[in-house]
Amino acid sequence: MNFTDDTEEALRSAVWLVNSAEEPETLETLADYDAFLADFPYSGRLDRDEAELAELRDLRPRLRAMLLAPRDEMAELVNVALADTQITPRLVRHEGVDWHLHAVADERPLAERVLIETAMALIDVIRADEGSRISICADDTCQALALDLSRNRSKLYCSTTCTNRNAVAAYRARRAGA
Ligand SMILES: [Zn+2]
Ligand SMILES: [Zn+2]
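Treat the numbers as computed from the prediction; the structure is a model and nothing was measured.

Draft legend 1. How the structure looks around the coordination of the zinc ion (ligand 2). Only C137 (SG), C142 (SG), C158 (SG) and C162 (SG) from the protein coordinate the zinc ion (ligand 2), and they sit 2.3 Å from it. If you look at the zinc ion (ligand 2), its four donor atoms make angles of 105 to 116 degrees with each other, and the shape they trace is tetrahedral.

Here's what the structure looks like:
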């Protein structure tokens, strides 16, 4: 299973945003926001101000619900997002990204574009029945999302921090049992 690059990028960005709400929060200041935009470059309108940041922060619970929903419910949430937004789909090519669909006009608020990019990516996920690639981190104490875009589906944790913590714990448990 391979998603297109723009679908994978939209999923990574949405998961990053959702996980930024977990402690310690990583999307609080305009400096945090600049760092996000450096990692996930968006074309189109960018205000880079407190209002735009607040809208993105407020969008996170909705993204989380969409990303974690069972397949049929995910389809409903995608439909609600599409119905809530003025969609003007067109093919675009920009800054090293080959032809792909922008469903919302470039001058619309970033939070609206992120919502619909996520919805469009989830259309691919739903059609391929690949919702199991998005889950809650396997660490008992972590509620962040884990996104597995690998071929062999090895990734169960949200981050290398959680992967390493659990590898160490498993090692200690083996030693204690021996
Ligand atoms: Zn684009
Ligand atoms: Zn985790």
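Draft legend 2. Structural context of the coordination of the zinc ion (ligand 1). All of the protein donors around the zinc ion (ligand 1) are H94 (NE2), H100 (NE2) and H102 (NE2); their distances to the metal are 2.0 to 2.1 Å. All donors of the zinc ion (ligand 1) belong to a single chain; written as a sequence motif, their spacing is H-x5-H-x1-H. A relative accessible area of 22% places H94 in the partly exposed class.

Draft legend 3. Inspection of the packing of aromatic side chains at higher detail. For the coordinates displayed, the defined rule picks out five aromatic pairs. For the ring pair W16 and F40, a centre distance of 6.5 Å and an interplane angle of 55 degrees mean the geometry is tilted. Residue W16 is found in helix α1 (residues 5–19), and its partner F40 is found in the loop between α2 (30–39) and α3 (50–68); the two are separated by 24 residues along the sequence. Ring centres of F36 and Y42 lie 6.1 Å apart, and the angle between their planes is 35 degrees; on these two criteria the pair is classed as tilted. There is no split in this pair, since F36 and Y42 are both buried. Taken together, W16, Y33, F36, F40 and Y42 form an aromatic cluster joined through their ring pairs.

Draft legend 4. Here's a closer look at the nonpolar core. With 39 residues, the main nonpolar core has L11, Y33, F36, L56, L67, V114 and L122 as its most contacted residues. When contributions to this core are tallied by element, the ones reaching two or more residues are α1, α2, α3, α4 (71–84), α5 (110–128) and β4 (145–147). At 10 residues, α5 tops the list of elements feeding residues into this core. Sequence-distant contacts of F36, defined by excluding residues within four places in its chain, comprise S13, W16, L17, L27, Y42 and L56. Core analysis: the second largest hydrophobic core is formed by six residues, C137, C142, C158 and C162 among them.

Reading the values: rules and limits
Each chain carries its own residue numbering, running from 1 in the written order of its sequence. Written order determines the labels here, with chains lettered from A and ligands numbered from 1. In view of the model being predicted, local features appear only for residues whose pLDDT reaches at least 70, and side-chain atom pairs are presented and counted only at 80 or more, with totals across whole chains, interfaces and linings using the full set of residues. Excluding hydrogens and water, the side-chain figures rest on all heavy atoms present in the structure. Here a donor is an N, O or S atom found within 2.8 Å of the metal, or within 3.2 Å if the metal is Na, K or Ca; sites may look incomplete because water is not among the atoms. Between 85 and 135 degrees for all angles marks four donors as tetrahedral; over 155 degrees for opposite donors together with 65 to 115 for all other angles marks four donors as square planar and six as octahedral; every other arrangement is irregular. Exposure categories follow from relative accessible area, calculated using a 1.4 Å probe and restricted to protein chains: below 20% of the type maximum is buried, above 50% is exposed, and the middle band is partly exposed. To pair, rings of Phe, Tyr and Trp, with the six-membered ring standing in for Trp, must have centres within 6.5 Å; the planes then decide the type, stacked if under 30 degrees apart, edge-to-face if over 60, and tilted in the middle. Strands here are runs of E lasting at least two residues and helices are runs of H or I lasting at least four, both read from the DSSP assignment and numbered beginning at the N terminus. We define the nonpolar core as a collection of buried residues of types Ala, Val, Leu, Ile, Met, Phe, Trp, Tyr and Cys that are connected through side-chain atoms lying within 4.5 Å of one another. Any pair of residues with heavy atoms lying within 4.5 Å of one another is described as a contacting pair.

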